[in-house]
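# Architecture and fold: a report
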Amino acid sequence: MTVQELPGAAAYRPAPPPEWKPRTDPAPLLPDAEPYRVLGTDTADGFAPELLRRLYTELVRGRRYNAQATALTKQGRLAVYPSSTGQEACEVAAALVLEERDWLFPSYRDTLACVARGLDPAEALTLLRGDWHTGYDPRERRIAPLSTPLATQLPHAVGLAHAARLKGDDVVALAMVGDGGTSEGDFHEALNFAAVWQAPVVFLVQNNGFAISVPLAKQTAAPSLAHKAVGYGIPGRLVDGNDAPAVHQVLSEAVARARRGGGPTLVEAVTYRIEAHTNADDATRYRGDGEVAAWREHDPVQLLERELTGRGLLDEEGVRETAEQAEAMAARLRDRMNADPELDPMELFRHVYTEPTPQLLEQAAQLRAELDAEEDPR
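Overview of the structure. (Residues numbered from 1 in each chain as written. Predicted model: local features only at pLDDT ≥ 70, side-chain atom pairs only at ≥ 80, totals over all residues. Heavy atoms only, no water.)

### Examining the packing of aromatic side chains
Considering all chains together, one arrives at five aromatic pairs under this definition. Geometrically, the ring pair formed by tryptophan 103 and phenylalanine 105 is tilted, given 6.1 Å between the ring centres and 35° between the ring planes. Plain terms: the ring middles of phenylalanine 210 and tyrosine 286 are 5.2 Å apart, the flat faces sit at 55° to each other, and that makes the pair tilted. With phenylalanine 210 in strand 4 (residues 210-211) and tyrosine 286 in the loop between strand 7 (265-270) and helix 9 (289-296), this residue pair connects regions lying 76 residues apart in the sequence. (Phe/Tyr/Trp six-rings, centres within 6.5 Å; stacked < 30°, edge-to-face > 60°. Helix = DSSP H or I, 4+ residues; strand = E, 2+ residues; numbered from the N terminus.)

Written as structure tokens, this is what we have:
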């Protein structure tokens, strides 16, 4: 016999706990039913032409950067490259909304965001070349190391943002992650601590449809990833990730909210990974050409280019000059990456501990003896 079958069960209505009430009204936290868009709407008229042209320039440069890095991988100059082709609007907007004092916490796919923030294009590829774990000083550009483990950069972003708030520094952290990363425990821990602490951090989820080969439907049954925000007591925003001005606006609002003490925001940008997960992946095994072709019709570069040309803010000469600037950047990157790096194997033991352990000292001595023997085989 179940509880419902007990005598008088039909009349039983459990009362709420004394003085119970929701800690947060969920309604303002819920995302819109459809991704927010700017291009093709009246809202686009309110955007400064200079910002739209800047976004376009960075999108074109980013597309060429992705293509060149992919080519370098095929030529053996990079060990691996996770392309962000198709996701350039998210990458560029994430970089441009931050002030110089703010911090960007990228994933391994976000080299383009780092470059758009001002990082040297070749230095952004050092990790993927296998030379160093991080080929740049994170403090110089306020860019954390590219994170290859999924979502581990998110708690780090929360920690930095919380520390900055405790110190009274006017700093915001923006953490980037893919849809696959939202299935990791670090995602939950980061959002939970950020919400409880009201840390000035913005989480940008680039929902590109797949966690390598796993589609989103096999990762979560939530209405959207942005809906996950309400469970932590923070607002969730849903935006068209291929609409560069829309992503820029939503992220700008989230950054401004965090800076004035409003706490974190979770932004889901709906986009698509046009190319394979990496050069080691065969995307044809889990998705069809028709699906990719449909998303090519919603290409972020073409969407913004049509908007600009339609409003008379960009002509054929401007398109050509932008493409030439991007090609010049690619040529410089190609020349630098084609030069063999001068590597010191002994760097393996530097910057591991302030005081090297006995085991490291022993291993370093063994490697030094082997290197000396190669130089003088007698």
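### Points about the environment of glutamine 359
Topologically, glutamine 359 is positioned in helix 12 (residues 358-375). It is 33 Å that separates the C-alpha atoms of glutamine 359 and tyrosine 81, two residues lying 278 residues apart in sequence.

### So, the sheet that holds strand 6 (residues 236-240)
With respect to topology, five strands assemble into an open sheet ordered 1-2-3-7-6, the strand pairing being parallel. A strand with exactly one partner marks an edge of an open sheet, and here the two such strands are strand 1 (103-105) and strand 6. Each strand axis lies, on average, 20° off the axis of its neighbour in the sheet, ignoring direction. Here strand 3 (residues 201-207) pairs with strand 7 via six bridges, running parallel. Following the sheet pairing, glutamine 206 is matched in strand 7 by alanine 269. Seen against the sheet, helix 6 (residues 153-167) touches strand 1, strand 2 (173-178) and strand 3 and runs at an angle of roughly 170° to strand 2. (Pairing = 2+ DSSP bridges. Axes fitted to C-alpha atoms, helices over the stretch in contact; angles between N-to-C directions. Contact = heavy atoms within 4.5 Å.)

### Thoughts on the pairing of strand 7
Looking along a regular strand, one sees side chains alternate from face to face of the sheet. Within strand 7, five of the six residues are buried, which leaves the element mostly enclosed by the surrounding structure. Note that strand 6 and strand 7 share five bridges and pair parallel. Its bridge partner lying in strand 7, aspartate 240 is registered against valine 270. Regarding the hand of the β-α-β motif, the stretch spanning strand 6, helix 8 (residues 244-259) and strand 7 is right-handed. (Buried < 20%, exposed > 50% of the residue type's maximum accessible area, 1.4 Å probe, protein only. Right-handed = clockwise from strand over helix to strand, strands pointing away.)

### Some details on helix 8
Between its terminal C-alpha atoms helix 8 stretches 22 Å, which fits the 22 Å expected from 16 residues at 1.5 Å a residue. What helix 8 keeps buried is the set Ala244, Pro245, Ala246, Val247, His248, Gln249, Val250, Leu251, Ala254, Val255 and Ala258. Following helix 8 by one or two positions, glycine 261 has its phi on the positive side, about 95°. (Expected span 1.5 Å × (residues − 1).)

### What about a nonpolar patch on the surface?
A cluster of nonpolar side chains, contributed by Phe193, Val196 and Trp197, occupies part of the molecular surface with about 300 Å² of accessible area. By secondary structure assignment, the location of phenylalanine 193 is in helix 7 (residues 185-197). (Patch = residues over 30% accessible without salt bridge, like charges linked within 9 Å, V, L, I, M, F, W, Y side chains within 5 Å. Areas by Shrake-Rupley, 256 points an atom, 1.4 Å probe, with all protein chains shown as cover. Salt bridge = Lys/Arg side-chain N within 4 Å of Asp/Glu carboxyl O.)

### Things to note about the packing of helix 1 (residues 49-74) against helix 8
With their axes 10 Å apart at the nearest point, helix 1 and helix 8 run at an angle of 110° to one another. What the angle tells us is that helix 1 and helix 8 run roughly perpendicular. Helix-helix and strand crossings are classified by hand; for helix 1 and helix 8 the assignment is right-handed. When helix 1 is examined against helix 8, the residues Leu51, Leu52, Leu55 and Leu59 are found in contact with a partner set consisting of Ala244, Pro245 and His248. Within the contact of helix 1 with helix 8, the residues separate by chemical class into six nonpolar, one polar and no charged. (Parallel < 35°, antiparallel > 145°, perpendicular 65-115°, else oblique. Left-handed = near helix turned anticlockwise from the far one by under 90°. Nonpolar A, V, L, I, M, F, W, Y, C, P; charged D, E, K, R; others polar.)

### A look at the nonpolar core
In terms of nonpolar packing, the biggest core is built from 63 residues, with Tyr65, Leu125, Leu174, Leu251 and Leu304 touching the most fellow members. Residues within four places of leucine 251 in sequence aside, it is in contact with Ala93, Ala94, Val97, Leu174, Val202, Leu204 and Val267. Counting 27 residues, the second-largest nonpolar core is a separate cluster that includes Ala151, Val158, Ala175 and Leu225. (Core = buried A, V, L, I, M, F, W, Y, C linked by side-chain atoms within 4.5 Å.)

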